[in-house]
Structures are given as structure tokens and as C-alpha cells.
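Reading the structure
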Amino acid sequence: MMPAALGTGILLLVIGIWGILMGRNLFKTIICLSLMEGGVLVLLIASGFVPGGVPPIEPILDGPAVNPIPQAFAVTAIVIGAGNTALGLAFLAAWHHAGGSLDPDGETGGAEL
Amino acid sequence: MRGKGALVLLGCAALAFRLCQGLAGVILPARTITGPAEHYLAHGAAETGSANLVSAILFDYRGLDTLGEVAVIFAAVTGTALLFGGTRIRYGFSGLSVLVKLGMALVLPFIVVYAVSIMVFGHLTPGGGFQGGTVFATVTILLCIVYGAGFERLHFKPRLKEFLEAGGGLLFIGAGLAGLVAGGAFLSNLSAGFPKGTIGSLVSGGFIPLLNIIVGIKVGAGLASLFFSMVKDLDAGETEDQGHNGVNGEAPPS
């Protein structure tokens, strides 16, 4: 199970980086950022896993509990990620409505935010 | 262009390989818990009164982190509302068919109860303010999709959501200051004399249940107003003529 988590996390992260480097569309850039975030979260949760672990909720009866700190971090990171994505998309929408191009190298059409 | 693609692909593959190499040593080996987590697992419930140790960390040990996170949401919501602030909208979309509307009305109470139970029992079971608030925000999303943004705006005023969002942040700071006034540090819980209660009962863990509810309201209102800010613009784009009026309802700068 752990190699699968490792592979999935790194794959998501690298797909996100590849999309940011190669994408010709700012919308896809923001989606790729959120994809990278997903990969990091998978790795973060996996790093707190203990073989045979149980949820860190009292009473902890059978087996060792997994590390609760990465889980607490992931909870906050998910909500922050949603806020980041929303703000990025809002900027993009405002930019596009003002006449800017979605292509990072494209014409700005004199648009100003 | 093709050369660049091949180069980037090669770089990404090399990065993935190095990451696998580096992180395999961290993630793969069977390990035991060390560091602060060891202390949290051994003494967390006794020290905070919260059975869910993730909640104990979020709202007690690392409450200041959570306060910073609350500030980030506030910034995101404010920024989005500002960018879409003055959009003038004519609501043309009157919702999906009556079947979907009735089904939605049937499901809605259960969603609300589920959200509230995740929020209120956050210190006992998996869940908490963030998760419950996110479920709560789906009510707004579903209403916007099924009934249209106009209905949503009529029944849940955007201004109310922004008020709840900002008020939640202030209440969080107020809870922290209460610890300061009671004689402990900022955001200190049991050490400031808040009642511990019996671990595992609904009223336990000092102000952790209270913070769960505050954060739940705040995150729910915040995510709902994030979504609403965007979807009302989408609605406007559908109903208005081809010449979009620009974000602020003014002519685009020439």
C-alpha cells in the first residue's frame, strides 16, 4: 500500500509541474497547482502512516495509532488550497473579462487589473 | 517547441525519480512514531479532554496555526468578493426540472443534519469544523445549481454569509483572548481553567467543541460565498448579451 501512495503522490506532483511548464492556458496552470497540492497531501498523509495503525481517536484499543500531526496539517491545507484555487480563478476571470489573453505569452489587449 | 517538450518531459522524469529515491526512505520503511506526536498520542486526551487527537492538535496544541489558516480563508473570500464585487446581474436561469428540485428539497435536510453532526461531534469522532463547514457549503452549491443563483441570493443573503465569515474569525480571536483573560496564554485551553469534562462525552475538552462550531460556520460561509461570487458571474455571462460589461459592470478599459 505504501509504494502505491508514494507513486500516486509523486505522479500527481510531477504531472502538475509538467502542466505548469508546458501549458499554454492560465486556467490549466491553476488546475495544475491544485493537482500538485493533491500530490503533496497524499505524500503528507502517507508519511504519518504506521503499519497496522488505527485512527488517532481515544480510546486507542487495537494496535498503534497513526501519526495525527500530518492529518491535522492536511485538513488545513485542503481548505487553504480551495481558497487559493478560488482566488486564482477569480483573478483569471477578472483578467479575461478585462480583455487579457489566457495564453501566458499572448496579447494582453491593453488589459489592466 | 517539440524539443522543449522533450526536455521538460526528461526533467520531470528525472525529478520524479529523485523524489522517489528521496522519499522512499521516509515513507516506505516500517517506523514507529517519534517526536511531538508521541507525546500527543500518549497524553493528548488527558491534556485537552478531546478524544479526537486531530482536533486536539488543530484547536489546542496548534491553535495559532489554525488562526493563521482562518486568516487565509478570510483573505481568499475577501479577494474573490472584491474582484466580483460590483457585477450587475440579471438572473435568467430559473433552475432545473421540478423533479430535480423536489429531490433536492428531500435531500437538503439530511445534508444539513450531516454537516451539523460532523461539526458538533468533531472532538469525539472523525470530523471537525473544517470538514463540517465544507459539507455545509455544498448546500449553497447545490442550491445554485438546482434552483439557480437568484433563488440562492434571495434566501441566503451574500451579505449574511460574509458577516458570518468575518464574525467567525472574530469569535475565534475572542476565544483566544478569553484564554488570555482567564490567566493562561493566548488560545490556552485547559491550563486557563476551562472545564475539561469527561473524555468521550459531548461536553468535554474545554472550548474545542466551541471552536469546532465557530470554524465550521466560518468555513461553511466562506466557501459558500467563494462559490456564490463565481457562479453569479457565470449566470450573468449566460443571460447577458455578447458584449460583456466587464467585471465591475463598467465598460472594459480601452
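On a predicted model such as this, the values are computed, not experimentally measured, just so you know.

**Some thoughts on the overall build of chain A**
Regarding its fold elements, chain A presents 3 helices and 0 strands. Walking chain A from its N terminus toward its C terminus, one meets helices and strands in the order α-α-α. For 113 residues, the compact-globule estimate of 2.2 N^0.38 gives 13 Å, and chain A exceeds it by more than 25% at 19 Å. With the C-alpha coordinates aligned to their principal axes, the bounding extent of chain A is approximately 65 × 25 × 10 Å. When each of the 113 residues of chain A is scored for burial, the buried share is 41%. Summed over all atoms, the accessible surface of chain A reaches about 5400 Å², with 71% contributed by carbon and sulfur.

**Quick notes on the interface of chain B and chain A**
Contacts between the two partners involve 52 residues from chain B and, on the opposite side, 44 residues from chain A. Carbon and sulfur atoms supply 81% of the area that chain B and chain A bury against each other, a total of about 4100 Å² over both sides. Considering only the surface of chain B that becomes buried against chain A, Ile 27, Arg 31 and Leu 83 of chain B emerge as the three largest contributors, covering 14% of it. In this structure, the connection of chain B to chain A is made through 0 salt bridges. At the junction of chain B and chain A, the tally comes to 2 residue pairs in polar contact (both at pLDDT 80 or more). Mapped onto the side of chain B that touches chain A, the elements with two or more residues apiece are α1 (2-27), α2 (36-48), α3 (53-61), α4 (63-83), α6 (129-146) and α9 (208-239) of chain B. Residue contributions to the side of chain B that touches chain A peak at 12 residues, all from α1 of chain B. Here the side of chain B that touches chain A is built from residues that sort into 38 nonpolar, 8 polar and 6 charged.

**Topic: helix α8 (residues 158-181) of chain B**
Residue and element names in this part refer to chain B. For α8, with 24 residues, the first-to-last C-alpha span of 34 Å sits near the 34 Å given by 1.5 Å per residue. Among all positions in α8, only Pro 158, Lys 161, Glu 165, Gly 168, Gly 169, Phe 172, Ala 175, Gly 176 and Gly 179 are buried. Positive phi appears at Gly 183, one or two residues downstream of α8, with a value of about 110°.

**Overview of the packing of aromatic side chains**
For any pair of aromatic rings, the description consists of the separation of the ring centres together with the inter-plane angle of the planes. Residues and elements named next belong to chain B. Taken as a whole and assessed by the stated rule, the structure comprises 2 aromatic pairs over all chains. Ring centres 4.2 Å apart and planes at 20° place the aromatic pair Tyr 40 and Tyr 61 in the stacked group. Of the two residues, Tyr 40 sits in helix α2 while Tyr 61 sits in helix α3, which places them 21 residues apart along the sequence. Given a relative accessible area of 26%, Tyr 61 falls into the partly exposed group. Lying across the ring of Phe 228, Lys 161 places its NZ or CZ 4.7 Å from the centre.

**Here's the deal with unusual backbone geometry**
In this structure, Leu 187 of chain B takes a positive phi of about 65° despite not being glycine. Of note, Leu 187 of chain B is situated in the loop between α8 and α9.

**Focus: the confidence of the model for chain A**
Do not read the fine detail of predicted coordinates wherever pLDDT is low. On average, residues of chain A carry a pLDDT of 86, and 94% of them reach 70 or more. Element-level mean pLDDT values for chain A span from 88 in helix α3 (residues 68-97) of chain A up to 92 in helix α2 (residues 26-47) of chain A.

**Notes on the side chain of Ser 204 of chain B**
Residue and element names in this part refer to chain B. If you trace the backbone, Ser 204 turns up in the loop between α8 and α9. The class for Ser 204 is buried, based on a relative accessible area of 3%. A polar atom in the side chain of Ser 204 sits 3.4 Å from the backbone oxygen of Gly 49. Each residue touching Ser 204, except ones within four places of it in the same chain, is listed here: Gly 49, His 123, Leu 124, Lys 196, Gly 197, Thr 198 and Pro 209.

**Digging into the state of the cysteines**
Inspection of every chain in the model, using the stated rule, returns 0 disulfides over all chains. Between Cys 32 of chain A, a free cysteine, and Cys 12 of chain B, which holds the nearest cysteine sulfur, the sulfur-to-sulfur gap is 10 Å. We classify Cys 32 of chain A as buried; its relative accessible area is 11%.

**As for the confidence of the model for chain B**
Residues and elements named next belong to chain B. Per-chain confidence: chain B averages 82 in pLDDT, with 88% of residues scoring 70 or above. Taken element by element, the predicted model of chain B shows its lowest mean pLDDT in helix α7 (residues 149-155) (77) and its highest in helix α5 (residues 98-120) (92). Counting contacts from residues 237-254, a segment whose pLDDT is below 50, to residues more than four positions away or on other chains yields 26 contacts. Interface confidence for the predicted complex, given as ipTM, is 0.84, next to a pTM of 0.82.

What counts, and at which threshold
Residues numbered from 1 in each chain as written. Chains lettered and ligands numbered in written order. Predicted model: local features only at pLDDT ≥ 70, side-chain atom pairs only at ≥ 80, totals over all residues. Heavy atoms only, no water. Helix = DSSP H or I, 4+ residues; strand = E, 2+ residues; numbered from the N terminus. Rg over C-alpha atoms; globule rule 2.2 N^0.38 Å. Buried < 20%, exposed > 50% of the residue type's maximum accessible area, 1.4 Å probe, protein only. Areas by Shrake-Rupley, 256 points an atom, 1.4 Å probe, with all protein chains shown as cover. Contact = heavy atoms within 4.5 Å. Buried area = accessible area lost by both parts, 1.4 Å probe. Salt bridge = Lys/Arg side-chain N within 4 Å of Asp/Glu carboxyl O. Polar contact = N/O pair within 3.5 Å; in protein donor to acceptor, adjacent residues only side chain to side chain. Nonpolar A, V, L, I, M, F, W, Y, C, P; charged D, E, K, R; others polar. Expected span 1.5 Å × (residues − 1). Phe/Tyr/Trp six-rings, centres within 6.5 Å; stacked < 30°, edge-to-face > 60°. Lys NZ or Arg CZ within 6 Å of the ring centre and 35° of its normal. pLDDT = per-residue confidence, 0-100. Disulfide = S-S within 2.5 Å.

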